Amino acid sequence: MKIHNTHGEPFLEDYLPRGFEFSSCELTYLHWDGYSLESLPMNFHAKNLVELSFRDSYIKQLWSRDMLHDKLKVIDLSYSIHLIEIPNFSSVPNLESLTLEGCVSLEVVPIGIYKWEHLQILSCNGCSKLERFPEINDNMRKLRMLDLSGAAIMDLPSSITHLNGLETLLLQQCSKLPKIPIHICHTSSLKVLDLSGSNIMEGGIPSDICQLSLLQKLNLGGGKFSSIPSTINRLSRLKALNLSHCNNLEQIPELPSSLRLLDAHGSNRTSTRASFLPLHSLINCFSQAKDLRRTSFSDSSYCGKGTCIVLPGSDGIPEWIVDRRNSYSLSIGLPQNWHQSNELLGFAIFCVYVSFDAESAQRLVRSFCKNEPKYTHSCSLRCSLVMVNGGEPVDHPLFESNCYYYKEDKYKYNESVSGQTLVVFYSKAVIGDQFCSDKWTIISTTFEGCHNQYEKALKVKECGVRLIYSQDLQQSHPLTMQTEDTDIRICTACQRDGMLPRTCCFKGSDMNEVPIIKNPSEVDRLCLWNCKNLTSVPSSLCDFKSLATLSCSGCSQLERFPEILQNMESFRKLNLNGTAIKKIPSSI
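Cut-offs used in this document
- Residues numbered from 1 in each chain as written.
- Predicted model: local features only at pLDDT ≥ 70, side-chain atom pairs only at ≥ 80, totals over all residues.
- Heavy atoms only, no water.
- Helix = DSSP H or I, 4+ residues; strand = E, 2+ residues; numbered from the N terminus.
- Contact = heavy atoms within 4.5 Å.
- Areas by Shrake-Rupley, 256 points an atom, 1.4 Å probe, with all protein chains shown as cover.
- Phe/Tyr/Trp six-rings, centres within 6.5 Å; stacked < 30°, edge-to-face > 60°.
- Buried < 20%, exposed > 50% of the residue type's maximum accessible area, 1.4 Å probe, protein only.
- Pairing = 2+ DSSP bridges.
- Axes fitted to C-alpha atoms, helices over the stretch in contact; angles between N-to-C directions.
- Salt bridge = Lys/Arg side-chain N within 4 Å of Asp/Glu carboxyl O.
- Core = buried A, V, L, I, M, F, W, Y, C linked by side-chain atoms within 4.5 Å.

**Student:** Help me understand the overall build of the protein in this model?
**Tutor:** Of the regular secondary structure elements, the protein holds three helices and 29 strands. Here the contacts in the protein between residues at least 6 apart in sequence split such that 56% fall between residues at least 24 apart. Only carbon and sulfur atoms are counted for the fraction: they give 46% of the accessible area of the protein, which is about 27,100 Å².

Okay, structure coming up:
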């Protein structure tokens, strides 16, 4: 039975006839939006009821006494702003879906929730007074989706690991949540984790996040953190990562090989000293060809064969892209026998979009709207990749977004997307077998301007391309010591210089601080030569007990050298040429 309230006015109790009863005990479906009573009538007996929907109701509790509804599977009380109590397990033992979205007066979820062994969906989205989630005292194998977005929770109980069938956990806009609850990292089946708009601070992302072996989509948009644990590269099934509007984020970490989409738009960093997208972050992106299936998450989606990254406008094309021009298209020659080379891993294409001025945008959009349908997304960035000598297409990547970032007043000049950078990385394997000959030696990319439903228009300001070789990634990667049984790895440039095998080399890295080095006491040579963004040397330098040589030559941002608090008997050579150091500590 479905009761319509066409005028949107409360259906007052006085309007009900005396002795009113629902149609029969055979009732299986009851939908009554705007139901105005505080509970169901005392004579409500619908033993065959399967689904109950009282959206936007005035209800405080469904029934005022224990009533068994063992066939009831679906309850939807969305936006019932007066609701303070929900049914306990004993009255609805076979419940499968419970939706409490927007129930702003609800403060507790029943402590016996774990007894709902058939429950598959629980949504408490917008329950702003809900501060605690109850302990899960037994396994809940069927719960697939838990939505606590907008709740006032500050943590989750350790027993959350008993949700061993949980696939989707939504914690959006949880303003009191300063960190990712560590116990989430030990849920065995999680595929989607969304913390966008929550208050995740620096250090709030646990390194144990790599334990989420089935995770496919991770949304950290709007976080307050400045770094992400390097262990994120172990998420072997991660396809989509959202870092948009993370204004404190300093650098993109090394990415997992499975990644298809990284959206970091709107992350207008307060510091630009280090490269936001260092080349070594991409070391895994060239390990395999990607399929053409669409990848979507939250507000963004991507369709293409490569790995798509969207960067904030303040950064533009990374400095390691040499071949660039102020144009919308660019071609680059492939080396001889490129298809047989093990050194050539793939290539990267880049494009910076900027807004048209208001007059040009309106003129362009009016012309566009006469001939083309409206886009359904707020932003669409696209390009084409072609093998020259016949115009054979390789790929047509497309990025789309519905983020509010693109939804500004259509009559104002859109400053927010100025300098938006689209990046696509391709493994060499993406180029089909039909092109694997020296007949195909030039690859060309063309980027298209963007229109959207808000009548914003973007044009191409600059584009670039770079072939990626294995030695590029090796030389840019800050390699550290491996296990206790292996020697310290060094980059190929230092190997050619004849350095010792116990050297730890960061030559030419764009890092601003030295990363953690395993077994520092075994390092006899630390090379920081030409690390132009480096601002500090480890204060724990005394831990390098075997260190004989330290080279900081060319570290132009290095202004201080740490105090030496213990004897370093093996230390023989220190090179500080080209640094900004004005005074050497007396403890030297």
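**Student:** Mind showing me how you'd approach the packing of aromatic side chains here?
**Tutor:** Within this structure, the stated rule accounts for five aromatic pairs. Between Phe 350 and Phe 425 the ring centres are 5.8 Å apart and the planes differ by 90 degrees, which places this aromatic pair in the edge-to-face class. A residue pair is termed long-range when its members are at least 10 positions apart, and Phe 350 in strand β18 (residues 344-355) and Phe 425 in strand β22 (residues 420-427) qualify at 75 residues. For Phe 425, a relative accessible area of 1% corresponds to the buried category. Look at Phe 435 and Trp 440: their rings are 5.0 Å apart centre to centre, the planes differ by 80 degrees, and that puts the pair in the edge-to-face class. The buried category is assigned to Phe 435, whose relative accessible area is 2%. Chaining the aromatic ring pairs together yields one cluster made of Trp 32, Tyr 35 and Phe 54.

**Student:** Could you clarify how one ought to interpret the environment of Cys 403 in this entry?
**Tutor:** You can see Cys 403 is positioned in the loop between β21 (398-401) and β22. Among the residues examined, Cys 403 registers a relative accessible area of 3% and is labelled buried. Along the chain, Cys 403 and Asp 299 lie 104 residues apart, while their C-alpha atoms are 5.5 Å from each other.

**Student:** Is there a simple way to explain the sheet that holds strand β28 (residues 549-551) in this structure?
**Tutor:** Within a sheet, each strand pairs with its neighbour through backbone hydrogen bonds, oriented either parallel or antiparallel. The strand order across the open sheet formed by four strands is β26-β27-β28-β29, and the pairing between neighbours is parallel. Two strands bound the open sheet, and with one partner strand each, they are β26 (503-505) and β29 (573-575). On average, each strand axis in the sheet is inclined to that of its neighbour by 5 degrees, with strand direction left out of account. In this sheet, β28 lies alongside strand β27 (residues 525-527) in parallel orientation, the contact comprising three bridges. When the sheet's bridge partners are listed, Leu 526 is paired in β28 with Leu 550.

**Student:** What is the right way to read the pairing of β22 from this model?
**Tutor:** It is a general feature of regular strands that their side chains alternate between the two faces of the sheet. Across the eight residues of β22, eight count as buried, placing the element largely inside the fold. Neither face of β22 is open: one carries Gln 420, Leu 422, Val 424 and Tyr 426, the other Thr 421, Val 423, Phe 425 and Ser 427, and all of them are buried. The pairing of strand β15 (residues 307-311) with β22 spans five bridges and is classified as antiparallel. Following the sheet pairing, Cys 308 is matched in β22 by Val 424. One ladder, built from eight bridges, connects β18 with β22; its direction is antiparallel.

**Student:** So what exactly am I meant to see when it comes to the pattern of salt bridges here?
**Tutor:** Oppositely charged side chains are able to pair whenever their charged atoms sit close together. What the rule picks out here adds up to three salt bridges. Here Arg 55 makes a salt bridge to Asp 76, at a shortest N to O gap of 3.2 Å. Of the two residues, Arg 55 is situated in the loop between β3 (51-53) and β4 (74-76) and Asp 76 in strand β4; the sequence distance between them amounts to 21 residues. For Asp 76, a relative accessible area of 15% corresponds to the buried category.

**Student:** For this particular structure, what's the right way to read the environment of Cys 531?
**Tutor:** Inspection of the secondary structure assignment puts Cys 531 in the loop between β27 and β28. In sequence terms Cys 531 and Ser 509 are 22 residues apart; their C-alpha atoms lie 5.2 Å from each other. Excluding anything up to four places from it in sequence, Cys 531 contacts Phe 506, Gly 508, Ser 509, Met 511, Gly 554 and Cys 555.

**Student:** Please clarify how the nonpolar core should be interpreted in this entry.
**Tutor:** Soluble globular proteins: nonpolar side chains tend toward being buried together. Core analysis: the largest hydrophobic core is formed by 92 residues, its most contacted members being Phe 54, Leu 100, Leu 171, Leu 243, Leu 282 and Phe 425. Elements supplying a minimum of two residues to this core: β2 (29-32), β15, β18 and β22. Counting 34 residues, the second-largest nonpolar core is a separate cluster that includes Ile 332, Cys 379, Met 387 and Val 460.

**Student:** Is there a simple way to think about the side chain of Ser 553 in this case?
**Tutor:** In this fold, Ser 553 is placed in the loop between β28 and β29. Sequence-distant contacts of Ser 553, that is, excluding residues within four places in its chain, are made with Leu 528, Trp 529, Asn 530, Asn 575 and Asn 577.

**Student:** Sorry, what's going on with unusual backbone geometry here?
**Tutor:** The general pattern is negative phi for most residues beyond glycine and trans for most peptide bonds. The phi torsion at Tyr 79 lies on the positive side, around 60 degrees, for a residue other than glycine. For Tyr 79, a relative accessible area of 35% translates into the label partly exposed. Of note, Gln 173 is a non-glycine position whose phi angle comes to about 55 degrees, a positive value. When you line up the elements, Gln 173 lands in the loop between β8 (168-170) and β9 (192-194).

**Student:** Which parts of the structure should I look at to understand the environment of Ile 588?
**Tutor:** By the element assignment, Ile 588 lies in the segment after β29. Residues Ile 588 and Asn 567, spaced 21 residues apart in sequence, show a C-alpha to C-alpha distance of 9.5 Å. For Ile 588, the residues in contact, after removing those within four places along its chain, are Phe 561, Ile 564 and Leu 574.

Purely geometric numbers; function is a separate question.
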